[in-house]
Amino acid sequence: DVKVTQSSRYLVKRTGEKVFLECVQDMDHENMFWYRQDPGLGLRLIYFSYDVKMKEKGDIPEGYSVSREKKERFSLILESASTNQTSMYLCASSREGHSWQPQHFGDGTRLSIL
Amino acid sequence: DQQVKQNSPSLSVQEGRISILNCDYTNSMFDYFLWYKKYPAEGPTFLISISSIKDKNEDGRFTVFLNKSAKHLSLHIVPSQPGDSAVYFCAASGGTYKYIFGTGTRLKVLA
C-alpha cells in the first residue's frame, strides 16, 4: 500500500517566518504534488515535480517554492508566511506514465499563520 | 475560471437509497476523470475513474457515468451506507500529470 507521510498534522507559525512542509512517499513514485485545500475552493495545485530536481508551477505558486533533492521527498517552502496562507496543505504522489495514474495523498498539514 | 464544477456543496440521502453526485467540466480536452473521497482529518483517497473512451465504469457499489456531449459526469452509490458520509471530489486531466479538482460535495448518509 502506498504511504505518503506529511511531517506535521498541525503547525502554527508567525507572519514573516520561513516555513517548511515536508512530504515523504515510500512507493518510488516519480511524480509528487503539493495542493492547498480551502472551503469552497476545493484542491488547488501549488507545485508539482515529475523527477528529482525538476519542478513545475501549478495554479497558485505565488509565495511558495519547492525542493526535491531526493525522489522520495518533496518539500514545500513558504518564503515569508502570510495570514492568507493559512490553509490545509496536502501532498500527493503518483507513478510515471499516462495521466490516468491516480494520485495518492497524505493526511494533510493544517497550517495556521498568526 | 473553474474548469471543473461541483454545483451541489452538500447532499443528504437515506441509508439504502441511491446517492448521485454530479460534476460538470468545461474543457473538452479532458480525457480522464476520477472521483476521490475525503474523510475529516484524512487525505483524499482514490475511489473510481473513467476514461473518455468509456461512458460507464463500475466498481462494486460505485458507478461513474460520463456524458461527453454534456461535459458531465456523475457518481452513483448504491446502496448508500453511513460509512459513505464524506466529501467527494471529482477531478479531470487532459493528458498531463495535473488534475483539476472540483470544489467537493459533502455527502451525509442518514441511518
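The structure this text deals with has already been given above.
**Focus on the state of the cysteines**
Residue and element names in this part refer to chain A.
Argument step 1. All told, the structure shown has two disulfides over all chains when counted by the stated rule.
Argument step 2. The residue that forms a disulfide with C23 is C91, at a sulfur-sulfur distance of 1.9 Å. Residues C23 and C91 are joined through a disulfide that is left-handed, its torsion about the S-S bond being -80 degrees. Residue C23 is found in strand 3 (residues 19-25), and its partner C91 is found in strand 9 (residues 87-94); the two are separated by 68 residues along the sequence.
Argument step 3. We classify C23 as buried; its relative accessible area is 0%.
Argument step 4. Taking relative accessible area as the criterion, C91 reaches 0% and is therefore assigned buried.

**Observations concerning the interface of chain A and chain B**
Argument step 1. The interface of chain A with chain B comprises 25 residues on the first partner and 21 residues on the second.
Argument step 2. The contact between chain A and chain B buries some 1,900 Å² in all, and 60% of this surface belongs to carbon and sulfur atoms.
Argument step 3. Note that B:K98 and A:D59 form a salt bridge whose closest N and O atoms lie 3.8 Å from each other.
Argument step 4. At the boundary of chain A and chain B, one finds four residue pairs in polar contact (both at pLDDT 80 or more).

**Side note on unusual backbone geometry**
Argument step 1. Cis geometry marks the peptide bond from B:V78 to B:P79, where omega comes out at -10 degrees.
Argument step 2. With respect to the element layout, B:P79 can be found in the loop between strand 8 (72-77) and strand 9 (86-93).
Argument step 3. In this structure, A:K53 is a non-glycine residue whose phi angle is positive, near 65 degrees.
Argument step 4. Looking at the secondary structure, you find A:K53 in the loop between strand 5 (42-51) and strand 6 (54-57).
Argument step 5. A relative accessible area of 59% places A:K53 in the exposed class.
Argument step 6. At B:K71, a position not held by glycine, the phi torsion is positive, near 50 degrees.
Argument step 7. Residue position: B:K71 is located in the loop between strand 7 (62-67) and strand 8.
Argument step 8. Given the relative accessible area of 26%, B:K71 is considered partly exposed.

**Quick word on the sheet that holds strand 8 (residues 73-78) of chain A**
Strand pairing within a sheet occurs via backbone hydrogen bonds; the two strands may be parallel or antiparallel.
All names here are of chain A.
Argument step 1. The four strands lie next to each other as 1-3-8-7, forming an open sheet whose pairing is antiparallel. Since the sheet does not close on itself, it has two edges, and those belong to strand 1 (4-6) and strand 7 (64-70), each with one partner. Taking the axes of each pair of neighbouring strands and ignoring which way they run, one obtains an average angle of 20 degrees across the sheet.
Argument step 2. The sheet contact formed by strand 3 and strand 8 spans six bridges and is antiparallel. Residue pairing across strands places C23 opposite F74, the latter belonging to strand 8.

About the cut-offs
Residues numbered from 1 in each chain as written. Chains lettered and ligands numbered in written order. Predicted model: local features only at pLDDT ≥ 70, side-chain atom pairs only at ≥ 80, totals over all residues. Heavy atoms only, no water. Disulfide = S-S within 2.5 Å. Helix = DSSP H or I, 4+ residues; strand = E, 2+ residues; numbered from the N terminus. Buried < 20%, exposed > 50% of the residue type's maximum accessible area, 1.4 Å probe, protein only. Contact = heavy atoms within 4.5 Å. Buried area = accessible area lost by both parts, 1.4 Å probe. Salt bridge = Lys/Arg side-chain N within 4 Å of Asp/Glu carboxyl O. Polar contact = N/O pair within 3.5 Å; in protein donor to acceptor, adjacent residues only side chain to side chain. Pairing = 2+ DSSP bridges. Axes fitted to C-alpha atoms, helices over the stretch in contact; angles between N-to-C directions.

None of this, on its own, says anything about what the molecule does.
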